[in-house]
Amino acid sequence: MEAITLAGIARRVLDELLRSPYKTLELRSARNVIALERARELGRVFLTYETYQDVTIGTEGLLAEILRLESMEQRIPWEESDEREMTVCRAQVRLLGLGRIVEVKKRNTVLVVRVREMLPQEMDIG
């Protein structure tokens, strides 16, 4: 199964998604915001706690289907100036299963991965 990678997701978020298969994620990382925009067409994401640079064949994580996606601009008070603007993406996802990467393709700054679905006893997250 092919999916777009969202890297650096907190373990707590992954645990919550395992407990409850529906979750709304709020992503601020520029790399993940761009990845979500590209994931619109594919409709699936692979979530992992590994950093973008550490995602390789064998990386484990969660496969999820994107149910709803929304982007918004937030204004944040900033020390050096009055405020700054930040793009935030909210993605409502549904857990599809556990997976391990078997192939990684880099398209611009987005990692498109092929994932093998796994059983819970095969996982070694943590």
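Provided above is the structure to which this section pertains.
First things first, this report covers the structure right here in the doc. Predicted, not measured: the structure shown is a model, and the values here were computed from it.

A word on the packing of aromatic side chains. Applying the stated criterion across every chain yields a total of zero aromatic pairs. Positioned above the aromatic ring of Tyr49 is the side chain of Arg11, whose terminal nitrogen or guanidinium carbon lies 3.9 Å from the ring centre. Seen from the ring of Tyr52, Arg31 lies directly overhead, with NZ or CZ sitting 3.8 Å from the centre.

For helix 2 (residues 30-42), spanning 13 residues, the distance from its first C-alpha to its last is 19 Å, which sits close to the expected 18 Å at 1.5 Å a residue. Of the residues making up helix 2, those classed as buried are Asn32, Val33, Ala35, Leu36 and Ala39. Gly43, located one to two residues past helix 2, shows a positive phi value of around 80 degrees.

As a volume, the largest pocket reaches approximately 150 Å³. Taken together, Gly8, Ile9, Ala10, Arg12, Val13, Glu16, Lys23, Thr24, Leu25, Glu26 and Leu27 form the lining of the largest pocket. Put simply, the parts of the chain that give the lining of the largest pocket at least two residues each are helix 1 (11-19) and strand 2 (22-27). Classifying every residue of the lining of the largest pocket gives five nonpolar, two polar and four charged.

Among the nonpolar cores identified, the biggest contains 25 residues, and Leu6, Ile9, Leu36, Val45, Leu47, Leu62 and Val93 are the most heavily contacted of them. Contributions of two or more residues to this core are made by strand 1 (2-6), helix 1, strand 2, helix 2, strand 3 (44-47), strand 4 (60-77), strand 5 (83-107) and strand 6 (110-118). Considering each element in turn, this core owes the most residues, five residues, to strand 5. Aside from chain neighbours lying at most four places away, what touches Ile9 is Leu14, Leu27, Asn32, Leu47, Thr48 and Tyr49. Core analysis: the second largest hydrophobic core is formed by ten residues, Tyr52, Val55, Leu63 and Leu111 among them.

About the criteria used
- Counting of residues starts from 1 at the beginning of each chain's written sequence and follows it residue by residue.
- Note on the predicted model: pLDDT of at least 70 is required for a residue's local features to be given, and 80 or more for side-chain atom pairs to be given and counted; whole-chain, interface and lining totals, by contrast, use all residues.
- Only hydrogens and water are set aside when side-chain values are computed; all heavy atoms of the structure are taken into account.
- Aromatic pairing here means that ring centres of Phe, Tyr or Trp (its six-membered ring) are within 6.5 Å. Orientation follows from the plane angle: under 30 degrees is stacked, over 60 is edge-to-face, and everything else is tilted.
- Cation placement over rings: the criterion is NZ of Lys or CZ of Arg within 6 Å of the ring centroid and within 35° of the ring normal.
- Starting at the N terminus, helices and strands are each numbered in turn, a helix being any DSSP run of H or I of at least four residues and a strand any DSSP run of E of at least two.
- An expected span of 1.5 Å times one less than the residue number is assigned to each helix.
- Only protein chains enter the calculation, and the probe is 1.4 Å; a residue is then buried if its accessible area is under 20% of its type maximum, exposed if over 50%, and partly exposed in between.
- Definitions used throughout: a 1 Å grid over protein atoms alone; a cavity as a set of points that fits a 1.4 Å probe which cannot get out; a pocket as an open set with protein on both sides within 12 Å along at least five of seven lines; a lining residue as one with an atom within 4 Å of a point.
- Grid points are joined across faces, edges and corners, and a volume is the space filled by probe spheres set on the points.
- Nonpolar residues are Ala, Val, Leu, Ile, Met, Phe, Trp, Tyr, Cys and Pro. Charged residues are Asp, Glu, Lys and Arg, and all others, Gly as well, are polar.
- Here, the term nonpolar core denotes a set of buried Ala, Val, Leu, Ile, Met, Phe, Trp, Tyr and Cys residues that are joined through side-chain atoms within 4.5 Å.
- Contacts were defined at the residue level, with two residues in contact if any of their heavy atoms lie within 4.5 Å.

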